[in-house]
Amino acid sequence: MLVLGIESSCDETGLALVRDGRLVDHVLTSQADIHALFGGVVPELASREHLRFMGGLFDMLMERQKLSPHELDAVAVARGPGLLGCLLVGTAFAKGLCLGTHARLIGVNHLLAHLLAAGIEEELRFPALGLLVSGGHTNLYHMLSPVSVTQLGKTLDDAAGEAFDKCGKVLGLAYPGGRLLDELAGRGSADPAMFPRPYLDNDNLDFSFSGLKTAAALYAQAHFTDHAWPRPLTSAADAPKELCDMCASFNLAVVETLAAKVERALRRLPDVSTLVMAGGVAANSLLRARMTELMTQRHGRICMPGPSLCTDNAAMIAHAGYLMAVHGLQHGLDLEAIPRGRAIPDDALKAAAGHAV
Ligand code: KG4
Ligand code: ZN
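S.K.: Got a minute to help me understand the site of ligand 1 in this structure?
M.R.: If you check the shell around ligand 1, you find 20 residues, and the closest are Gly135, Asp165, Asp182, Gly280 and Asp312. Taking Asp182, its side chain carries an N or O atom lying 2.9 Å from a nitrogen atom of ligand 1. A distance of 3.0 Å separates an oxygen atom of ligand 1 from a polar atom in the backbone of Asp312. For the shell around ligand 1, the secondary structure elements donating two or more residues are helix 4 (110–116), helix 5 (160–170) and helix 6 (178–187). Its residues assigned to classes, the shell around ligand 1 shows five nonpolar, eleven polar and four charged.

As structure tokens, this is what we get:
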């Protein structure tokens, strides 16, 4: 079965091909440089850029693989959550392709696709605890199968990625600051007392990172001047030691907070010995090391995609779409795009009997 995946939920336009569960090829263009000029994603601009790139990227992918659109068995598209205008570009393109080729349309939950991304490179085992840490979400899930996933906790305000990016912003790091902050942290020494481990004094599995962001802003105001390093800072080579030390301390606070709630969740799920980690922040070096250590100590297993599959990409959409197709799921052409803030409905249809999978 040949599945095309389409990702356009935020500022990355991606298309990918998966054949029988294996990644064949993928293309991705990022608009990060454009949005960096504004210090964040500008939704209207983002949807126009998706429209500008989508057709050309599709042609490039199909030509590269010497495939005709009529050879596609299914088109999987990120249907939310995301920026509505951006999602509409992807879903309209997918629907047009399905109308013209009779391929099956599969609407993919972008968050579920992140969680399943590690399955592109290694076999996922269930039941598992899922930790999704991205720019918009910090969620914990109980995963019973690729299509049976229950949310256990979420962030009450900022997501972990948002905390990294906002901390990056007050420090004058180029947007989005997460990756550079990670690199700077690697050059500094963390002071565990510099920042709090927020929202642990409770018995739930939710997160709250907005206080940490404020603590970082207050620390920066009190200790750094605007001229201490070039702004926007784009390279770790130009960073002074005190900046690296602060980044290391902030990084440690976020990672230890995530680890504390993961341990709490694992204590409550005695049948679970696999941790699946996903989303842009799952590319963070300290987080990867800490979670690996935590699972090794528990004689469990960690599944996380390589850093390039942690951030938004279409390979994860095609892969999740393939898994949905294998479970006999598909959508009609009335598939709705779901913006951020609304729950993704459980509205997939069971494929008609006899429909080849
Ligand atoms: O999953 P993603 O690509 O987009 C969303 O669906 O949100 O995640 C993007 C987020 C950004 O906040 C970015 O700063 C963060 O992931 N990020 C990192 C790292 N690489 C990306 N945060 C910390 N350390 C990193 N190495
Ligand atoms: Zn994402």
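S.K.: Explanation requested: the pattern of salt bridges in the structure shown.
M.R.: Pairing is possible between side chains of opposite charge, provided their charged atoms come close. One pass over the full model with this rule turns up twelve salt bridges. A salt bridge links Lys166 to Glu162; the nearest nitrogen and oxygen atoms lie 3.5 Å apart. Here Lys166 pairs with Glu162, and both are found in helix 5, just four residues apart, close to one helical turn. A residue is classified by how much of its surface remains accessible, and Lys166, at 30% relative accessible area, is partly exposed. With a shortest N-O distance of 2.8 Å, Glu256 and Arg197 are connected by a salt bridge. Residue Glu256 is found in helix 8 (residues 241–268), and its partner Arg197 is found in the loop between helix 6 and helix 7 (210–223); the two are separated by 59 residues along the sequence. Look at Glu256 and you get partly exposed, because its relative accessible area is 27%.

S.K.: Even after reading the chapter, I still don't get the environment of Thr91, so can you show me in this structure?
M.R.: Relative to the helices and strands, Thr91 is located in helix 3 (residues 84–101). The exposure class assigned to Thr91 is buried, which follows from its relative accessible area of 4%. Sequence spacing of Thr91 and Ala337 is 246 residues, and the spatial spacing of their C-alpha atoms is 7.0 Å. With near-sequence residues (within four places) excluded, Thr91 lies in contact with Val77, Ala78, Arg79, Leu335 and Ala337.

S.K.: Is there a simple way to think about the side chain of Ser134 in this case?
M.R.: If you trace the backbone, Ser134 turns up in the loop between strand 6 (128–133) and strand 7 (138–145). With relative accessibility at 8%, the residue Ser134 sits in the buried group. Once residues lying within four places of it in the same chain are set aside, the contact partners of Ser134 are Ala159, Ala160, Gly161, Glu162, Gly279, Gly280 and Val281.

Rules used in this analysis
Residues numbered from 1 in each chain as written. Chains lettered and ligands numbered in written order. Predicted model: local features only at pLDDT ≥ 70, side-chain atom pairs only at ≥ 80, totals over all residues. Heavy atoms only, no water. Near = heavy atom within 4 Å. Polar contact = N/O pair within 3.5 Å; in protein donor to acceptor, adjacent residues only side chain to side chain. Helix = DSSP H or I, 4+ residues; strand = E, 2+ residues; numbered from the N terminus. Nonpolar A, V, L, I, M, F, W, Y, C, P; charged D, E, K, R; others polar. Salt bridge = Lys/Arg side-chain N within 4 Å of Asp/Glu carboxyl O. Buried < 20%, exposed > 50% of the residue type's maximum accessible area, 1.4 Å probe, protein only. Contact = heavy atoms within 4.5 Å.

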